[in-house]
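So you can see what is in the structure, the chains are spelled out below.
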Amino acid sequence: MATGDRLSILLLVDAPLVPRWQGDVITALRDDARIALHVAAYPAGTPGGGHARRPGPGFRIADAIERIVSRRVWNSPLLRQGYDGDALVPVVSDAAPPPPRPDVVLSLSANAPRNAGIVARFGVWTLEVDGVPVPDAGPFGYYAVASDHPLSRLALVVVRGSGGAAGGTIAQALCKTFQPSWNENRRRLEARAATLVVDTLVALAVERQLPAPIGAGPAPAWLRPRPIYPWVLARCLRRLGVRVLQKLLYDERWQLALFDLDEAATTGASPRPRFVTGPFRADPCFEEDGEDVYVFHETMGGTPEKGEISVLRLRDDTVEDLGVAIAQPYHMSFPMVFRVDGERWMIPESSANGTIELWRAQDFPLGWVKDRDLMTGVSASDTVLWRGADRWWMFTNIDRRAAPDHCHELHLFWSDDFRSSRWQPHPMNPVVRDVSRARMAGRIFQDEAGGLVRCAQDNRFYYGDRLRFMRIDELSPEAYREREIDAVDLGWVPDANGQHHIDRLGSLVVTDVRFRWPRWRRLGPIVHDQGIVRSLATRLGGLQPSGCGRITAGRRPRGPSLRSA
């Protein structure tokens with residue numbers, strides 16, 4: 001590709017060393033044939049430049065202690081995967097002179113001249129953390145932890161457009177703050193900052209059109225008074241100690257809850273949930289066969305313990321555990337079961353194997369054989385297929401930076417054949433960068449007006465904080481838009497502290513609920529709030545599964561009634 005056909009980027013950084021994530025950005029942009037990158041590195045003391053904020057001795061001492069805890073006690077997943085955010089990468093300016101009028105100027109430098117008069121076709125950009133430019137933000141991700149802020153907002157901002165005026169925020173990512181460790185929070189933010197910068201610039205190289213400005217995010221986390229470093233360190237160590245004690249003293253387990261929406265419609269009373277307690281059970285998915293209704297879900301088993309796919313059968317007001325349907329040497333969960341032309345298929349979550357796998361029912365419900373890999377070399381979770389009028393759509397949560405974390409990005413693919421191994425990525429991928437709504441919480445539903453509704457997890461405060469229902473306003477090979485229409489809090493089960501998947505078959509609804517109780521006593525009777533359950537039933541009453549040969553709206557399965565539960 002000729003130089004004139006490539007997107008010309010002038011990147012301003014500090015010299016002689018840059019953080020690892022900035023080095024990753026430089027490497028990724030230089031490896032892309034659609035981009036012509038020029039790096040300008042400015043040492044401290046550059047005339048007209050600013051001054052990078054250097055942490056004082058108090059912070060450096062506290063940071064050294066916290067880093068030891070993060071590395072050795074917390075056992076950072078990013079460090080285990082080889083990503084060391086503490087590493088610095090040497091960088092020097094390119095020998096060739098910078099382009100006179102680049103397409104984009106991205107400033108990550110505190111030492112660069114502030115009034116250089118650079119003009120760029122798509123403006124001068126900077127990266128902000130909670131409203132503060134990275135060069136002025138101080139320790140990356142520290143103040144969000146210090147201020148107990150649940151979210152950190154990364155944003156690419158056009159500080160000076162081609163006409164001289166500010167262009168606003170053009171891309172952002174809302175990330176959960178990792179409260180027990182500011183070093184781990186920094187590593188996670190840096191990994192996502194690198195993907196945000198690279199994705200936005202690569203998309204601009206393809207589209208050659210600046211994205212429309214988006215609304216402002218949450219207020220900066222550090223507008224509050226900054227706490228004293230030793231106090232913040234003590235608080236992080238206390239949080240880590242509390243987590244360790246909770247694992248030692250408390251048992252935490254996911255269980256299933258079943259209820260019948262018709263109970264509210266016919267009797268006026270709120271549906272009474274039937275809890276399937278006992279072993280770990282999560283990620284439920286319905287499938288019917290004649291008079292029987294089956295619940296495929298994740299259980300834990302094997303040595304070492306890992307996720308397996310198990311089956312419950314609902315018949316004559318009883319719940320029967322049929323056992324394990326699929327067990328592999330690696331962890332499996334979230335069994336997305338669907339039918340095509342009378343044949344049953346399943347896509348279980350297999351991110352531990354780096355695959356998205358398609359399984360076929362050979363002897364339903366326990367006999368399954370692997371058909372093929374739809375994708376390989378990918379860490380994807382909670383994959384859902386939906387069949388549109390002219391193509392199949394795949395919704396999946398991909399972790400691209402070995403965090404490991406599948407809660408921050410939703411990716412979209414399409415194909416003419418659901419068995420294809422060549423799914424086309426959506427040009428807007430990731431179509432969602434928001435920990436409060438990115439992760440899938442079940443299959444795609446259809447409301448009474450015929451619109452598509454995506455169930456999403458809200459993981460801002462903790463895993464399984466609540467469920468959100470997102471109305472899909474636009475779904476095409478070129479665009480994707482969604483908006484929230486409702487949300488379900490966990491208040492209907494006061495003793496629980498998590499809920500993250502839901503499915504419906506006719507009038508039957510199943511969801512998973514997480515409980516925590518002391519190890520020295522058994523889980524007692526589970527209570528529920530009847531008023532909130534009635535509200536939950538009302539919200540779900542207008543939704544029916546869509547696509548994949550599932551039950552049609554208004555039809556009730558011929559399986560059991562759960563009213564007497």
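Structure: above.
What this report covers is the structure whose coordinates are included nearby. (Residues numbered from 1 in each chain as written. Predicted model: local features only at pLDDT ≥ 70, side-chain atom pairs only at ≥ 80, totals over all residues. Heavy atoms only, no water.)

In this model, the second largest pocket occupies a volume close to 1400 Å³. In this structure, the second largest pocket is lined by 41 residues; those nearest its centre are Ile170, Met428, Asn429, Pro430 and Arg433. At the level of elements, α1 (20–31), β9 (168–176), α5 (182–207), β24 (432–433) and β28 (480–488) are the ones that each hand at least two residues to the lining of the second largest pocket. Considering every element that reaches the lining of the second largest pocket, the biggest residue donor is α5, with 11 residues. When the residues that make up the lining of the second largest pocket are grouped by side-chain class, the tally is 22 nonpolar, 7 polar and 12 charged. (1 Å grid on protein atoms, 1.4 Å probe; cavity = no way out; pocket = protein on both sides within 12 Å on 5 of 7 lines; lining within 4 Å. Points joined across faces, edges and corners; volume = space filled by probe spheres on them. Helix = DSSP H or I, 4+ residues; strand = E, 2+ residues; numbered from the N terminus. Nonpolar A, V, L, I, M, F, W, Y, C, P; charged D, E, K, R; others polar.)

Pairing in this open sheet of 4 strands is antiparallel, and the strands run β12-β13-β14-β15 from one edge to the other. Bordering the open sheet on either side are β12 (282–289) and β15 (318–326), each of which pairs with just one other strand. Along the sheet, successive strands turn relative to each other by an average axial angle of 30°, direction set aside. By the bridge criterion, 9 bridges tie strand β13 (residues 292–301) to strand β14 (residues 306–315) in an arrangement that is antiparallel. Note that in β14 the partner of threonine 299 across the bridge is glutamate 308. (Pairing = 2+ DSSP bridges. Axes fitted to C-alpha atoms, helices over the stretch in contact; angles between N-to-C directions.)

Quick look at empty space enclosed by the protein now. Summed over the entire model, instances satisfying the criterion amount to 6 cavities of 30 Å³ or more. Reported here for the largest cavity is a volume of approximately 120 Å³. If you go around the largest cavity, you meet 14 residues; those closest to its centre are Arg192, Asp399, Arg400, Arg401 and Glu409. Top element by residues in the lining of the largest cavity is α5. It accounts for 4 residues. Residues that form the lining of the largest cavity fall into these classes: 4 nonpolar, 3 polar and 7 charged.

Turning our attention to the sheet that holds strand β26 (residues 452–458). Overall, antiparallel pairing links the 5 strands, which are arranged β28-β27-β26-β25-β32 in an open sheet. In the strand order of this sheet, the two ends are held by β28 and β32 (544–545), each with one partner. Of the strand pairs in this sheet, strand β27 (residues 466–475) and β28 are connected by 8 bridges, and their pairing is antiparallel. Each residue of the ladder has a partner; that of methionine 470, found in β28, is glutamate 484.

Time to look at the pattern of salt bridges. Under the criterion given, the structure shown has 37 salt bridges. Residue arginine 468 is joined to glutamate 484 by a salt bridge in which the shortest nitrogen-to-oxygen separation is 2.7 Å. With arginine 468 in strand β27 and glutamate 484 in strand β28, this pair connects stretches of sequence that are 16 residues apart. Classification of arginine 468 as buried rests on a relative accessible area of 10%. Linked through salt bridges whose partners overlap, the residues forming this network are Glu287, Glu288, Asp289, Arg339 and Arg344. (Salt bridge = Lys/Arg side-chain N within 4 Å of Asp/Glu carboxyl O. Buried < 20%, exposed > 50% of the residue type's maximum accessible area, 1.4 Å probe, protein only.)

A few words now on the packing of aromatic side chains. One pass over the full model with this rule turns up 11 aromatic pairs. Seen from their ring centres, phenylalanine 338 and phenylalanine 418 are 5.8 Å apart, and the 85° between their planes marks the pair as edge-to-face. Remark: phenylalanine 418 occurs in the loop between β22 (409–415) and β23 (424–425) and phenylalanine 338 occurs in strand β16 (residues 333–340); sequence separation between them is 80 residues. For the pair phenylalanine 364 and tryptophan 368, a centre-to-centre distance of 6.3 Å together with 65° between the ring planes defines the contact as edge-to-face. Exposure class is identical for phenylalanine 364 and tryptophan 368. Each is buried. An aromatic cluster is built from Tyr294, Phe296, Phe364 and Trp368, whose rings are joined through pairwise contacts. Lying over the aromatic face of phenylalanine 364, arginine 344 brings its terminal NZ or CZ to 4.1 Å of the ring centre. (Phe/Tyr/Trp six-rings, centres within 6.5 Å; stacked < 30°, edge-to-face > 60°. Lys NZ or Arg CZ within 6 Å of the ring centre and 35° of its normal.)

Look at α5: 37 Å from first C-alpha to last across 26 residues, which is about the 38 Å you get at 1.5 Å a residue. Of all 26 residues making up α5, 23 are buried, and the element is well covered by its neighbours. (Expected span 1.5 Å × (residues − 1).)

What follows covers α1. In this model α1 runs 17 Å from its N-terminal to its C-terminal C-alpha over 12 residues, within 8% of the 16 Å that 1.5 Å per residue would give. Those residues of α1 not exposed but buried are Trp21, Gln22, Gly23, Asp24, Val25, Ile26 and Leu29. Against β1 (7–14), β2 (17–19), β3 (35–42), β6 (124–129) and α5 lie the buried residues of α1. (Contact = heavy atoms within 4.5 Å.)

Take it as geometry only, folks, not as evidence of what the structure does.
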